[in-house]
Amino acid sequence: MSSETTTKIPEAAEVPPPGAATPERPVPQGHQRLLTRRDRITLGLMAGVPTILHVALVWVTALASVALAFTTWDGIGFDSIQWVGLQNFKELFEQNPQFWPAVEHNVIWFVVLIAIPTPLGLFLAVQLDKKIRFSRVYQTAFFLPVVMSMAVIGFVWQLIYNPDTGLINSIIGANEPGKYIDWIGDPDLNLWAILIAASWRHTGYMMILYLAGLKGVDPSLREASSLDGANEWQTFKNVIFPTLRPTNTVVLVVTIIEALRAFDLVFVFNKGAEGTELLSILVTNNIIGESSRIGYGSAIAVVLLLISLVVIIPYLVATFRKERRA
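Residues numbered from 1 in each chain as written. Predicted model: local features only at pLDDT ≥ 70, side-chain atom pairs only at ≥ 80, totals over all residues. Heavy atoms only, no water.

## What to know about the overall build of the protein chain
What counts, and what does not: Numbering of helices and strands starts at the N terminus; helices are DSSP runs of H or I of at least 4 residues and strands are runs of E of at least 2. Exposed residues in this analysis have more than 50% of their type's maximum accessible area, buried residues have under 20%, and partly exposed residues fall in between, with area computed by a 1.4 Å probe over protein chains only. Only the protein chains shown count as cover for residues, and the accessible areas themselves come from Shrake-Rupley with a 1.4 Å probe.
Assigned secondary structure in the protein chain consists of 14 helices and 2 strands. Here the protein chain, with 326 residues, has 33% of them falling under the buried criterion. Just so you have it, the protein chain exposes about 22,000 Å², and 64% of that area is on carbon and sulfur atoms.

Take a look at the structure:
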């Protein structure tokens, strides 16, 4: 008995006759616009409002300060603005007895921040990177001053430096009549007293920066150094610290900026008087007050801006070159 195997041949697809219209395919419903008009307005406001505020409060004010630096203006009415050219800068460099001491104090501020809290912050970061017990608690405690407002830190240290009831005078016995040490009023002490408070905060800042840099060190480098017989100090000096060069650059730039924009602590302590003059304090004293000299204060601000750009521009150029190479 033979069984016939029938092979099923698929039917050819019907081809429309020539000249016939091709049937239109239905448009998928998923290809509709994802953003409605309301969404576009919302995104426009979210991006536009911060941009307008940034341009108005940063760029416009900065350019206005540069323009006003070549004028004299008491801040009352735009009709009183008078062009004086470089007269403000000439007076600033030659006749202001507070300018060069302020520059010197800003330099001292930088030297102290780079010499004391920066190595201390590095030391704390190295210790915390060893994953000791309660590492998170220590990080929070050391970083807490960075989170606090500089004004609050100033008020706290004012209590510590109080001649009568302050912590320091109470410990060393200098809170009795005839033995008082006026940490804020003495021109020979007040700048260093404020720098101690600034270093207390700056140490936590440096600790976090270096801790982030240490987290990026390849563990294999430590293992290879250990296999070569290097001790902990040799490993850090010859292996770990060279790899922290990008972090060191950031630390240097941040410290310079911190030294140039120092204002809050000094203003809270004694408003920049009696040996604590800073460039930022001179700007404020000339712009804000009963006898405002907007043009002269703007000239000081321009000097401060130029000093900042000398530091920031090389850093940005080096960063952009590194990104292009990568």
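## Some thoughts on the packing of helix α4 (residues 117–128) against helix α8 (residues 190–215)
Under the convention used in this document: Between the N-to-C directions of two axes lies an angle of 0 to 180 degrees, each axis being a line fitted to C-alpha atoms and, for a helix, fitted only over the stretch in contact. Angle categories: roughly parallel below 35 degrees, roughly antiparallel above 145, roughly perpendicular from 65 to 115, and oblique for all the rest. Crossing handedness is read from the near helix: turned anticlockwise from the far helix by less than a right angle, it gives a left-handed crossing, and turned clockwise, a right-handed one. Contact between two residues is taken to exist if any of their heavy atoms lie within 4.5 Å; hydrogens are not considered.
It is the contact of α4 with α8, at a shortest axis distance of 7 Å, that shows an interaxial angle of 45°. Here α4 is positioned oblique relative to α8, judged by the angle of their axes. Along this stretch, α4 crosses α8, giving a crossing that reads as right-handed. Contacts between α4 and α8 pair Pro117, Thr118, Leu120, Gly121, Leu122, Leu124, Ala125, Val126 and Leu128 from the former with Ser199, His202, Thr203, Met206, Met207, Tyr210, Leu211 and Leu214 from the latter.

## Brief notes about the nonpolar core
For the record, the criterion: Residues grouped as a nonpolar core are buried Ala, Val, Leu, Ile, Met, Phe, Trp, Tyr and Cys residues, joined through side-chain atoms within 4.5 Å.
The biggest cluster of nonpolar side chains holds 23 residues, and the ones touching the most others in it are Trp109, Trp157, Tyr161, Leu265 and Phe269. Of all the secondary structure elements, the ones that give two or more residues to this core are α3 (99–115), α6 (150–161), α8 and α12 (264–270). Looking at this core, the element that brings in the most residues is α8, giving 6 residues. Once residues lying within four places of it in the same chain are set aside, the contact partners of Leu265 are Met150, Ile153, Gly154, Ile194, Ala197 and Ala198. Listed in part, the 19 residues of the second largest apolar core include Leu92, Val253, Val283 and Ile300.

## Considerations on the packing of aromatic side chains
In this description, a pair of aromatic rings is defined by centroid distance and the angle of the planes. How we decide: Two aromatic rings, drawn from Phe, Tyr or Trp (for Trp, its six-membered ring), form a pair once their centres lie within 6.5 Å of each other, and the interplanar angle then sorts them: stacked below 30 degrees, edge-to-face above 60, tilted otherwise. Distance and angle both matter: a charge sits over a ring if NZ of Lys or CZ of Arg is within 6 Å of the ring centre and within 35 degrees of the ring normal.
Inspection of the entire model under this criterion finds 13 aromatic pairs. In this structure an aromatic cluster arises from ring pairing among Trp157, Tyr161, Trp183, Trp200 and Phe269. Lys271 extends its terminal NZ or CZ atom over the ring of Phe267, reaching a point 5.4 Å from the ring centre. Of note, Arg293 hangs over the ring of Tyr296, and the distance from its end group to the ring centre comes to 4.2 Å.

## Looking at α4
Inclusion rule: What a helix is expected to span follows from its residue count: subtract one and scale by 1.5 Å.
When the terminal C-alpha atoms of α4 are compared, their 16 Å separation across 12 residues agrees well with the 16 Å that a helix rising 1.5 Å per residue should span. Turning to α4, its buried residues number three or more, namely Pro117, Thr118, Gly121, Leu122, Leu124, Ala125, Val126 and Leu128. Along its buried surface, α4 packs onto α3, α5 (135–147), α8, α10 (232–243) and α11 (245–260).

## A short note on the packing of α5 against α8
The angle between the axes and the distance between the axes are what describe a pair of packed helices. To keep it simple, the criterion reads: Amino acids outside the nonpolar list (Ala, Val, Leu, Ile, Met, Phe, Trp, Tyr, Cys, Pro) and the charged list (Asp, Glu, Lys, Arg) are all regarded as polar, and Gly is one of them.
Across the interface, α5 lies against α8 with an axial gap of 7 Å and an inter-helix angle of 125°. Here α5 is positioned oblique relative to α8, judged by the angle of their axes. For the pair α5 and α8, the sense of crossing is left-handed. Contacts from Gln139, Phe142, Phe143, Pro145 and Val146 in α5 reach Trp200, Arg201, Gly204, Tyr205, Met207, Ile208 and Leu211 in α8. Its residues assigned to classes, the contact of α5 with α8 comprises 9 nonpolar, 2 polar and 1 charged.

## Some thoughts on the confidence of the model for the protein chain
Under the convention used in this document: The quantity called pLDDT is the predictor's confidence in a given residue, expressed from 0 to 100.
Residues with a pLDDT of 70 or more make up 89% of the protein chain, whose mean pLDDT is 85. No element of the protein chain has a lower mean pLDDT than helix α9 (residues 219–227), at 84, and none a higher one than α3, at 94. Overall, residues 1–13 carries pLDDT values under 50, and its contacts beyond four positions in sequence, including any with other chains, amount to 0 contacts.

## So, helix α2 (residues 87–94)
The condition is simple: By definition, the arc is the one covered by directions from the helix axis to the C-beta atoms.
Buried residues of α2: Asn88, Phe89, Glu91 and Leu92, and no others. The buried residues of α2 occupy an angular sector of 165° when the element is viewed end-on, so they sit on one face. On the buried face of α2, the contacting elements are α1 (37–68), β1 (71–72), α3 and α14 (294–325).

## Regarding the side chain of Ser199
Structurally, Ser199 can be placed in helix α8. By relative accessible area, which is 9% here, Ser199 ends up buried. Ignoring sequence-local partners within four residues, the contact set of Ser199 consists of Val112, Leu113 and Pro117.

## Concerning unusual backbone geometry
For Phe134, which is not a glycine, the phi torsion comes out positive at approximately 60°. Inspection of the secondary structure puts Phe134 in the loop between α4 and α5. For Phe134, a relative accessible area of 51% gives the class exposed. The backbone of Lys271 shows a phi angle near 60°, a positive value even though the residue is not glycine. When you line up the elements, Lys271 lands in the loop between α12 and α13 (279–287).

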